[in-house]
Amino acid sequence: MKNPALFLFLILAGVVMSAEPAGSERLQILDLRCEYQENPLAIESTAPRLSWRLVSPARGAAQTAWRILVASSPAALAENRGDLWDSGKVASAAMAQIPYAGKALGSRDRVYWKLMVWDEHGRASAWSEPAEWTMGLLAPSDWRARWISFEDSSPVATDVTRLHLPPAQHYRREFVLSKPVRRALVYASALGICDLHLNGGLVDEAYFQPGWSDYSKRAYYRAYDVTAKLRPGANALGAVVTDGWYAGYIGFGRLKKFGPNELGRYFYGKTPALLVQLEIQYADGTSQTVVSDEQWRLTREGPVREADLLMGEHYDARRELPGWNLPGYDDRQWISASWATVNGDVPAIFRAPGANRAVNLGFRAPAVLQAYVAPPIGVTEELPAKSISEPKPGIYLFDFGQNFAGNVRLRIKGKAGTTVTLRFGEMRHQDGTLMTENLRAARATDTYTLRGDPSGETWTPRFTYHGFQYAELTGVEEKPTLDTLTGLVLQNKTAPAGSFECSDPVLTRFALNAAWSQRANYLEVPTDCPQRDERLGWTGDAQTYVRTGTYFADIATFFTKWMDDLEEAQFNFGAYPDYAPYPMPDSKLAQAFAAAWGDAGIICPWTIWRVYGDTAMIRRHWASMTRFMDWRMATSSADGLSVNIGNMFGDWLNVDEPTPIEYLSTCYHAWDCRMMAEMADATGEKLAAETYRWRLSRIREAFLRTYDKGKGELSVDTQTAYALALWAGLIPEADQAAAARRLADKVAAKGNRLSTGFLGTRVLLPILSTYGYHDLAVRLFQNRQYPSWGYEVVNGATSVWERWDSYTVEGGIKDRRMNSFNHYALGAVMEWAYQWLAGIDTMNPGYGDVLIRPRPPKSAVQPGDEPRIHWVKAHYDSIRGPIATEWNRTGDVYTLKVILPANMIGSVWLPTAAAAEVSEGGRPLSASPSVTVIGPQDDGLLLRIGAGTYIFKLRLAEAFR
């Protein structure tokens, strides 16, 4: 050995390396995503963002660098050649929102990628499994297909007393394959709803495709890989098209006689249209394209006789068309499809208060075709019926035990021509019959006419859905059984992300209720309710609940889609409307917006950024958000105070304690400025950040001159007023404690009950907990008396009610014309439950650094109170991986279990200031090398930990007993 020093170094290095993780403990790479999606087929960003997750059993496991390879073929990738992009080794802990930075990509490009990472020891992982993405159709010239429809000679209806429900259109087209296929993608869009078929079956099981947009400006398209569905020789493409959102009934249009000829339908046009482009790549390098054109055949004589999202579906099985979607079908009785322009102009008068105008319901090609980015809508669960009752002879009521959105699967036998009817509702009358009054103008009725199959028949509607717990079945020849109907839960398939349980079973049930209401209402747009004639993307509900929504599910792409809808609906003067998409104004155009409703345009992108680290949404909508903020300032006083304009929703459905609109709007204006400044910082808009901070200071000064009476007392004396002012940071620091005490006193004066509505409820408990009234917040959460979350549960709720008094023991069911039993807004309290009881929150955008701070309430209770929550178990599947907390207290002994995924660090707060009193994993804290003691903070102890599982045990400090 020529160099003894080097030899000694290698020996020592070997000792060090022997202490490093074994191979099984190295970082493993999972869950590769492009733009949040797994192997997507229609990416439109030319710099799509990549992400992954890491797992390791080792404590403190972290990523210190990554290397991404992107290749044009699987072979190149297998050879570790990134011929499109080789990032090289990049020193970074980032594992989400990594933009592709390789060669320019074009339409249809199929690319393959993988990565490796380096851990905290500098050791490289194995290469990940490969993933891929395909670029969408990026230019209008990529579309060779043209919109097709049929010659529709029927006049625009004028009779508002009856429903107008046309049948579905069946389209088909045969083509021949003469050689082996390498890959085939089909792109499809519709003005209406389209089920695409190929060679005998659905191309995709998703519902209500391609999605809802303002069709005059933009339509969504879907891409499907159909390689495996093609056959040598003859093949057949087919489509079933119905009115959907394009021409069907929408919202409360029929109730209020809005829209063309006061019908409540045809808001975008009268006659649906179809666009299909099948692109086939052969193994020899040649290609073939099959497009929607006049060679397609069409009939309206199929089994779907009525199909409407709100009104329901009528299916006549005697009119089925066996084999219509297979090659060789005899379609000589069908007609040729027409270009969608065949019907020319279709004039009508669009009615809305103060805004009557002439409209053209004829075909207009959308200016933009955009790939749909949200998860598809589909069946996520099947619910068996719990019981059947017969309140009147021949009327059978199925109870599914859960209020949900979706459909039923009908299994039945009977004579040909027998028609059975299904009606849906959330509640029963006292005599046991179905209550439908709160559905208003939504018929919510499906009918099925039997073909008489002796072996039985099964049917599920494809072009409608309902919000219900009860389904009424009539017209059957024999008494049904429980398996006659099965509930099918429909929602956008946002991946479940969180769960919450605690020692109070009522609150555990309420957490489930909130999750169920989210599932029922995150369906295409964030709707208000799934059952009645509304189902609109109400902005007030969306912004109030969005942070809670992120805890229950991965909603990044769902809100990516809806934010495009919201910007599209923005008025040219800058305000965002009350709901989006916005097909119909519900008041004069000058009042089609509301304080705290339009602010969703700021709050939702800010929330998505905080939770997912997503600055792309900010950049995409920055100009739109700026226009909104300019309008906000233009409609405020010179010093930034808001004025009372727009719809008077206010603190919607508060309990006899309204807060003035101008006050609410000023608080939201200030909050908007703070969020805009933070988003500007995140995207490098430094001047904008400083401008919004200056604007916030002006609003704060004006607020104090107008509403501050000194020493924390406000001239607007409501629970919501104090909570929002503290939330928005409008009260001087010296007076905040007094203002919080005033808020707590107001709650106490109400018998320890809340009086807040949609706006105040979200912030009430967080503010109480922040300012030292955590036990009071917990009491409110656990309360069973009206008004409270617990009151709903003990009175049978399985979802969140729209109103605190949707039902009361004394008064029964409240206003049946404006009463939903599945409305998520008041479920926004679960944001507080996750952050304050489970103690899971992010300290910076994207959950790279988390705060674990459960706050156990004191055990003492007042007479009449429920036993205080003494354990909580929760998890949240963040963009970086799953986080879990579980704590319990037995007497004065407190135990906290924390699980953090690989490549995450966190601050853990414990309810004691004495580090010597804390054990971790059964040993003194000082003996745990994976834990760093930061020191006392807020009467407790702050620690820093890395990835891994930790169990802390301690005796509670006096302040927390």
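Quick note: structure is the one above.
Computed from a prediction, not measured in an experiment: that's the story for all the values here.

S.K.: Just checking my understanding: could you explain empty space enclosed by the protein for this structure?
M.R.: Left-over empty space is what a probe sized like a water molecule reveals as it rolls over the atoms. Following the criterion strictly, the structure yields six cavities of 30 Å³ or more and no others. In terms of lining, the largest cavity is formed by 17 residues, of which the most central are Ala594, Ala595, Trp631, Arg632 and Ser665. Those elements giving two or more residues to the lining of the largest cavity turn out to be α9 (616-634) and α10 (661-682). Top contributing element to the lining of the largest cavity by residue count: α9, with three residues. Its residues placed into classes, the lining of the largest cavity shows 10 nonpolar, five polar and two charged. There is about 110 Å³ of room inside the second largest cavity. In terms of lining residues, the second largest cavity is bounded by 14 residues, among which Trp212, Trp245, Leu309, Tyr465 and Arg535 are the most central.

S.K.: What am I meant to see in the sheet that holds strand β24 (residues 347-351) here?
M.R.: Hydrogen bonds between backbone groups are what pair the strands of a sheet, and the pairing can be parallel or antiparallel. The three strands lie next to each other as β16-β24-β25, forming an open sheet whose pairing is antiparallel. Of all the strands in the sheet, just β16 (259-260) and β25 (357-360) have a single pairing partner and so form its edges. As defined by bridge partners, β16 adjoins β24 across two bridges and the pair is classed as antiparallel. In the strand pairing of β24, proline 260 is matched with phenylalanine 350.

S.K.: Which parts of the structure should I look at to understand the pattern of salt bridges?
M.R.: For side chains of opposite charge, pairing can occur when their charged atoms come near one another. Evaluation of the coordinates by the stated rule reveals 64 salt bridges. Residues arginine 49 and glutamate 35 are paired through a salt bridge, measuring 2.7 Å at the closest nitrogen-oxygen approach. Here arginine 49, found in strand β2 (residues 49-55), pairs with glutamate 35, found in the loop between β1 (28-34) and β2; they are 14 residues apart in sequence, far enough to count as distant. When sorted by exposure, arginine 49 lands in the same class as glutamate 35, which is buried. Ionic contacts of the salt-bridge type, sharing partners, join the residues Arg440, Asp528, Arg532, Asp533, Glu534 and Glu802 into one network.

S.K.: In this structure, what is going on with the packing of aromatic side chains? I would like to understand it.
M.R.: For any two aromatic rings, the description comes down to two numbers: the centre-to-centre distance and the angle of the planes. On inspection of all chains with the given rule, the structure shows 63 aromatic pairs. A centroid spacing of 4.5 Å and a plane angle of 5 degrees characterise the contact between tyrosine 551 and tyrosine 834, whose relative ring orientation is stacked. With tyrosine 551 in helix α6 (residues 539-552) and tyrosine 834 in helix α17 (residues 829-837), this residue pair connects regions lying 283 residues apart in the sequence. Across this residue pair, the class does not change: tyrosine 551 and tyrosine 834 are buried. We note arginine 265 situated over the ring of tyrosine 266; from NZ or CZ to the ring centre the distance is 4.5 Å. One residue, arginine 610, lies across the ring of tryptophan 609, its end atom 5.8 Å from the ring centre.

The rules behind the values
- Residues numbered from 1 in each chain as written.
- Predicted model: local features only at pLDDT ≥ 70, side-chain atom pairs only at ≥ 80, totals over all residues.
- Heavy atoms only, no water.
- 1 Å grid on protein atoms, 1.4 Å probe; cavity = no way out; pocket = protein on both sides within 12 Å on 5 of 7 lines; lining within 4 Å.
- Points joined across faces, edges and corners; volume = space filled by probe spheres on them.
- Helix = DSSP H or I, 4+ residues; strand = E, 2+ residues; numbered from the N terminus.
- Nonpolar A, V, L, I, M, F, W, Y, C, P; charged D, E, K, R; others polar.
- Pairing = 2+ DSSP bridges.
- Salt bridge = Lys/Arg side-chain N within 4 Å of Asp/Glu carboxyl O.
- Buried < 20%, exposed > 50% of the residue type's maximum accessible area, 1.4 Å probe, protein only.
- Phe/Tyr/Trp six-rings, centres within 6.5 Å; stacked < 30°, edge-to-face > 60°.
- Lys NZ or Arg CZ within 6 Å of the ring centre and 35° of its normal.

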